[in-house]
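Structural characterization, general
Residues per chain are reported as follows:
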Amino acid sequence: MLVIRPIATSDYPALHDCAIESGHGFTSLPVNQELLTNRIEHSEYSFAKPSVTQPGDEGYLMVGVDSVTGEVAGTTGIEAAVGWDRPFYSYHISTIVHASHKLGVNNVVKLLTFGNNYTGCSEICSLFLREHFRQGLNGRLMSKSRFLMMAEHPERFSKTIFAEMRGVSDADGNSPFWQWLQEHFFSIDFTLADYLTGIGKKGFIADLMPKLPIYINLLSPEAQAVIGQVHENTRPALKLLEDEGFTCRNYVDIFDAGPAVECDVRNIESVRNSVRARVEVARHSSAQQYLMCNTSFTHFRATAEKAAYNPERETVLITPEVAQALQVDQGDWLRILAQ
C-alpha cells in the first residue's frame, strides 16, 4: 500500500535520489543538498503552522511511502502562493493583427510577453514517481492527493491552481526554445539556467531577459515548434490534469516554453466529486477502489484502497490496515473519491 504523508528530515536521501532520477528540466528538484534540505525544513514549518486562514509563504512537500518496506516511491507538492518571496516569471502568448487597408495586407502574428502573471496563485509541483512504482493507482494517488487536501483545507490555497509542465528538451537537457534565447540574450546553457532558477538565484532572469514582447515568427523554426509542448515523460501527468479540468491559458515557461495549465479550485473534478464519510473499521469484500485522506492537516495521510461507501449513512467501511495507514479510528472522518 502506498501512503502519502508530509516529508520529514529523515527522507532527505530519498528526495536526493528522486532529484537525480527526475533528470534535466525538473526545476523544483535540483540536485543541491542545501536547497533540498531547505525545502524539507520549510515544508515541516508549513505543515506545523497553526491557524492559516489564507495562502502565504507555505510550501507543502509530501512523499509516497510503501507501507510494508518503508521505501519512498516519489514526491509531490504544493506551493501555497508563488511570487511573494521570489518573483515568478512566465511568458503570455497573445495575438495581434498588422493590417493595412490601402495595401490589402492583413497579418496575424503572435507575441511572447514577459510578466508575473501567477503571483499569489497556488502551484502544484514536484510530482515525481520512481519508475518501479509506476503502476496501478500510484500515479493518480500522488497527483490527486493534493486535490483531496485542497478540498479538505480550502483556506490554505488560492482560488486559481496552476502547474508548470516540463517543456521539450533532449536527453542531454538541451531545450530548442532556450537555445534561441541563449544565442540572442544569454551566455549560459539551459541546464545551468534551469539549475540556477531551481536554487533560487533568479536575478539573472530580470537582468537579461528581453523586456519587450517577442514576435514568435522571428524565433527559429525549432524554437517555434516546441512552444506550449510538453516533454514526453510529462504527458501522463498532463493528461491527469486535463482530466481534472486544467487547461492552458496561453502561459508558458520562460526557459523551455512548456505550458502552464490552470483551473479554478472549485472546478477541479477531484475537489467537486470527493465527499466526507465517517469511518467504520471492519473486514469487507468490496471491490470499489477509492482515494482516501484523513482530515488532519499536520498529520495528513492519503492512500488508494478498496472500501465500501454508504451515501445514505455517510459512512465508509475500511480494513484495519487502511485505518492504521491513515491514522484514523472508528467514528473519525475521511475524505474519499471513487475511482
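Please read all numbers here as calculations on a predicted model, not as lab measurements.

1. Considerations on the overall build of the chain
- Within the chain, the secondary structure is distributed over 10 helices and 16 strands.
- Taking 339 residues into account, the globule formula puts the C-alpha radius of gyration at 20 Å, and the chain, at 22 Å, falls close to it.
- Projected onto the principal axes, the alpha-carbon positions of the chain cover approximately 75 × 45 × 35 Å.
- Residue burial in the chain is summarised as follows: out of 339 residues, 51% are buried.
- Residue pairs in contact within the chain that sit at least 24 positions apart in sequence constitute 71% of those at least 6 positions apart.
- Carbon and sulfur atoms form 49% of the exposed surface of the chain, whose accessible area is close to 15,700 Å².
- Across the chain, the mean location of the 29 positive side-chain charges is 6 Å away from that of the 40 negative side-chain charges.

2. Quick notes on the environment of Glu-152
- As for its placement among the helices and strands, Glu-152 is situated in helix H3 (residues 138-152).
- The spatial distance from the C-alpha of Glu-152 to the C-alpha of Asp-17 is 31 Å, given a sequence separation of 135 residues.
- Aside from chain neighbours lying at most four places away, what touches Glu-152 is Arg-276, Thr-295 and Arg-335.

3. Topic: the environment of Phe-157
- With respect to the helices and strands, Phe-157 occurs in the loop between H3 and strand S7 (160-164).
- The spatial distance from the C-alpha of Phe-157 to the C-alpha of Val-52 is 9.8 Å, given a sequence separation of 105 residues.
- In this view, Phe-157 contacts Pro-55, Tyr-60, Ile-78, Ser-122, Met-149, Met-150 and Phe-297; residues no more than four positions away in its chain are not counted.

4. A word on the nonpolar core
- Within the largest apolar cluster, 38 residues are counted, with the highest numbers of intra-cluster contacts made by Ile-124 and Phe-246.
- Considering each element in turn, this core owes the most residues, seven residues, to H3.
- The residues touching Ile-124, leaving out its near neighbours within four places in the chain, are Gly-77, Ile-78, Arg-146, Phe-147, Met-150, Ile-161, Phe-162, Ala-163, Leu-241 and Phe-246.
- Core analysis: the next-biggest nonpolar cluster, separate from the first, contains 20 residues, Ile-216, Leu-219, Val-252 and Ile-254 among them.

5. Some thoughts on the packing of H3 against helix H8 (residues 235-244)
- Relative to each other, H3 and H8 sit at 45°, their axes nearing to 11 Å. Comparing the axis directions of H3 and H8 gives the class oblique. Two packed elements cross with a definite hand, and for H3 against H8 that hand is right-handed. Residue-level inspection shows Gly-139, Arg-140, Ser-143, Lys-144 and Phe-147 of H3 in contact with H8, the latter providing Leu-240, Leu-241 and Glu-244.

Calculation criteria
- Residues numbered from 1 in each chain as written.
- Predicted model: local features only at pLDDT ≥ 70, side-chain atom pairs only at ≥ 80, totals over all residues.
- Heavy atoms only, no water.
- Helix = DSSP H or I, 4+ residues; strand = E, 2+ residues; numbered from the N terminus.
- Rg over C-alpha atoms; globule rule 2.2 N^0.38 Å.
- Buried < 20%, exposed > 50% of the residue type's maximum accessible area, 1.4 Å probe, protein only.
- Contact = heavy atoms within 4.5 Å.
- Areas by Shrake-Rupley, 256 points an atom, 1.4 Å probe, with all protein chains shown as cover.
- Lys, Arg positive; Asp, Glu negative; His and termini not counted.
- Charge placed at Lys NZ, Arg CZ, Asp CG, Glu CD.
- Core = buried A, V, L, I, M, F, W, Y, C linked by side-chain atoms within 4.5 Å.
- Axes fitted to C-alpha atoms, helices over the stretch in contact; angles between N-to-C directions.
- Parallel < 35°, antiparallel > 145°, perpendicular 65-115°, else oblique.
- Left-handed = near helix turned anticlockwise from the far one by under 90°.

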